[in-house]
Amino acid sequence: MASDLQRAAQQRADRIAAFRSELAELEREQALSLAPEQRTRLEAHHQELLAGFAASFGIETTESARRVSWAMRLGSFLFAVALLAAMVLFLHRIWGLLPWAVQVAIPIMGPIFLLVGTELAARRGVPSYYVDLLALASFAAFIVGLSALGGIWNVVPTAHALLVWGALALCLAYACHNRLLLGAGLLLTCAYVAALWLTWTGAFWPNYMQRPGPMVLAGGLIYAFPWVRRSEAQSEFGLIYRMCGAGAGLLALLILSETGDLSCEAAPARALELGYQLAGLSLGALVMVHGLRLGRSGLANLGAGAFVVFLYVRLHAWFWDWLPKYAFFLLIALLSLALVLFFRQLRKRMLRGVAA
Amino acid sequence: MKRTSWIFLAAALVLLSSGWAIYNGYQNRRIPAGGTLELTERELALPPVIGDSTALLVRLLWRVDRPYPEDHRSPSWLGVAKLTDLGFDCGIAPTAPHARAHYRSMPAALVYVALRLEENPPDPKSANRHDGAAAGSQLVLIDAAEHPEPLRHRFPDPEHVIARAVLHVRLQEHDEQGRPLPKPRISGVIQHLVPQEIFVPAPGSRLLQPLRQRPHGSEDKPRQAPRFASKVHWGQHYEPWLTDVRLLTNGTLHTKNNP
């Protein structure tokens, strides 16, 4: 896939830049010095590689080129947002004057044109950033378009819209290797599972966050997906699967730990709340440990963040009312200190592991 | 799978889901099984102009006969027995220790409701500040059920329409001023009809566009003389649509009719 090759080329160019910088530092410290012919051969090889990457993929091979490129990306992002806003506002301006058939055609053809644009841009080797922008615009246009169609036909909102939005985001994520769209697709799928379950119980689906129990299950399945599909495990997509799965499950547990799930009649609400609180704390800690073992700092930070949030929410619920306020904050300070000491020990152990 | 295949799949998804939405829309409008009513501006509120948008939707205004003045959306007939019929678990007494948690966590449900257009406008004395623009509406919500058939069986005549609404259960412990009630009570609250707003297609939208200019702050006040009327149909899926939008002059039909 062209975008994968482009990404790989950019990563190689970054590694070359880092290698050059480190080599210069080592030579300055007189820890290493290359023979003149070695240096010439290495330089020629790197130059040849970088020139090839620049010609084939238009990647940035120097720091200054990268800065200019970032400015260009920012400019094009603003251009895309402003252009979309202008189009939406223009459509609002003329919407009432358009014939019925045109009103129905625009929400369908808008995303289709943008999808065709995404494909053509990718085929012509346009830098992946711009292809991603087009894919994101297609996704946004589909959400707005389907909502507009629902509005035109005055339909009762349906949870199935979450499924088709999520499916489109997943298709575009795999087409363009876009992590943001993958995350959106996975979260929409989680929301769909919860909304569908709520519909089956006879309730109105937009309130699915009131009964987010099924999101824990959906989050767990998404978290486990990289184990089932080994090819995803080591890729950037593997991390997104794990972060979205853990994020959705932990958020659902946080809500359940506050409200209790009264749809489950087997246990009293208080016991259920306590169960969810303990589950949230343990799961946060497990996600953190798993993230550390995988060497994925994002996942470890998510787990640590969730653990801290669960802990502080509990402390607030247990102690805020009956402890003097200064004592409450002193307790928070002591616990934070204990957490810092714990993480310090953990880091030491990890460093020892790396050294061994 | 290659990129082109994913994009092709995405395009197919857009076309299929949009096609499904249109097919359902047509199916709904094939037969007005929910009924048809001739409504005026008393029941169809024009939203204020936002920016320079020409997209036009009207909001359905309705009332209920309520037992308590502050419960402007809690009909008198929507008691515990009716709520239980509708599938809500109201088995816990309002004075039970965990009643608050039980009723607060109960999600709202989508139900079918029967509406009737009353012949005369409501007595202005009976209105209160909670009613807002709906105080002048002659459209009254009179019954609810889990399924539409029992409602149609109960109200077979064409003056009654069946629509969909979101309903939730509330445990009321305080009155409007925040004072504790002598005895907590369980009531059903009709949150809104679904959809809340009805799209006005052209040429009706062009006809109503000039009427949208209203003085700021007057949106929530009922209008004395309605300026337009329209037929509202509820179809096979109990989703509404408008036809025959026309202007009124002091209650009489304007010469410039919308076909």
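Residues numbered from 1 in each chain as written. Chains lettered and ligands numbered in written order. Predicted model: local features only at pLDDT ≥ 70, side-chain atom pairs only at ≥ 80, totals over all residues. Heavy atoms only, no water.

### Examining the nonpolar core
For the record, the criterion: Remark: nonpolar core denotes a set of buried residues (Ala, Val, Leu, Ile, Met, Phe, Trp, Tyr, Cys) joined through side-chain atoms within 4.5 Å. The classification of residues rests on relative accessible area computed with a 1.4 Å probe and restricted to protein chains. Under 20% of the type maximum is buried, over 50% is exposed, and intermediate values are partly exposed. By definition, any uninterrupted DSSP run of H or I lasting at least four residues is a helix, any uninterrupted run of E lasting at least two residues is a strand, and each is numbered from the N terminus. Every residue pair with non-hydrogen atoms within 4.5 Å of one another is taken to be in contact.
Grouped together as the largest cluster of nonpolar side chains are 67 residues, with contacts concentrated most on F139(A), L162(A), W165(A), L168(A), L172(A), L182(A) and Y208(A). Where this core is concerned, the elements lending two or more residues are α4 (100–123), α5 (128–152), α6 (160–176), α7 (179–200), α8 (213–228) and α10 (236–259) of chain A together with α1 (3–30) of chain B. Take this core: its biggest share by element is twelve residues, from α6(A). Contact partners of L172(A), with chain neighbours within four places excluded, come to L115(A), A135(A), S138(A), F139(A), H177(A), L181(A) and I7(B). L37(B), L46(B), L167(B) and V232(B) belong to the second-largest nonpolar core, a separate cluster that totals 45 residues.

### A short note on the pattern of salt bridges
Here is the rule we go by: What makes a salt bridge here is a side-chain nitrogen of Lys or Arg within 4 Å of a carboxyl oxygen of Asp or Glu, nothing more.
A full pass over the atoms with the stated rule returns 16 salt bridges over all chains. When the shortest N-O distance is used, the salt bridge between R28(A) and E25(A) registers 2.6 Å. On the criterion of helical spacing, the pair formed by R28(A) and E25(A) is a turn pair, its members being three residues apart in helix α1 (residues 2–28). The shortest N-O distance in the salt bridge between D143(B) and R154(B) comes to 2.4 Å. In this pair, D143(B) sits in strand β5 (residues 139–145) while R154(B) sits in helix α4 (residues 148–154), placing the two residues eleven residues apart along the sequence. Judged by its relative accessible area of 8%, D143(B) is buried.

### A look at the confidence of the model for chain A
The test is simple: The pLDDT value expresses, per residue, how confident the predictor is, ranging between 0 and 100.
With 94% of its residues at a pLDDT of 70 or more, chain A shows a mean pLDDT of 87. Within chain A, the lowest mean pLDDT, 72, falls on helix α9 (residues 230–233) of chain A, and the highest, 95, falls on α6(A).

### Quick notes on the sheet that holds β5(B)
Residue and element names in this part refer to chain B. This is how it is decided: If DSSP finds at least two bridges between two strands, the strands pair. Geometry is summarised by axes, namely lines fitted to C-alpha atoms with helices restricted to the contacting stretch, and by angles between N-to-C directions that run from 0 to 180 degrees.
Taking strand neighbours across the sheet as the criterion, the four strands line up as β5-β4-β6-β7 in an open arrangement whose pairing is antiparallel. Every other strand in the sheet has two partners, leaving β5 and β7 (180–194) as the edge strands with one partner each. The average angle at which neighbouring strand axes cross in this sheet is 45 degrees, direction not considered. As judged from the ten bridges shared by strand β6 (residues 160–174) and β7, these two strands associate in the antiparallel manner. Bridge pairing links A165 to L193 in β7.

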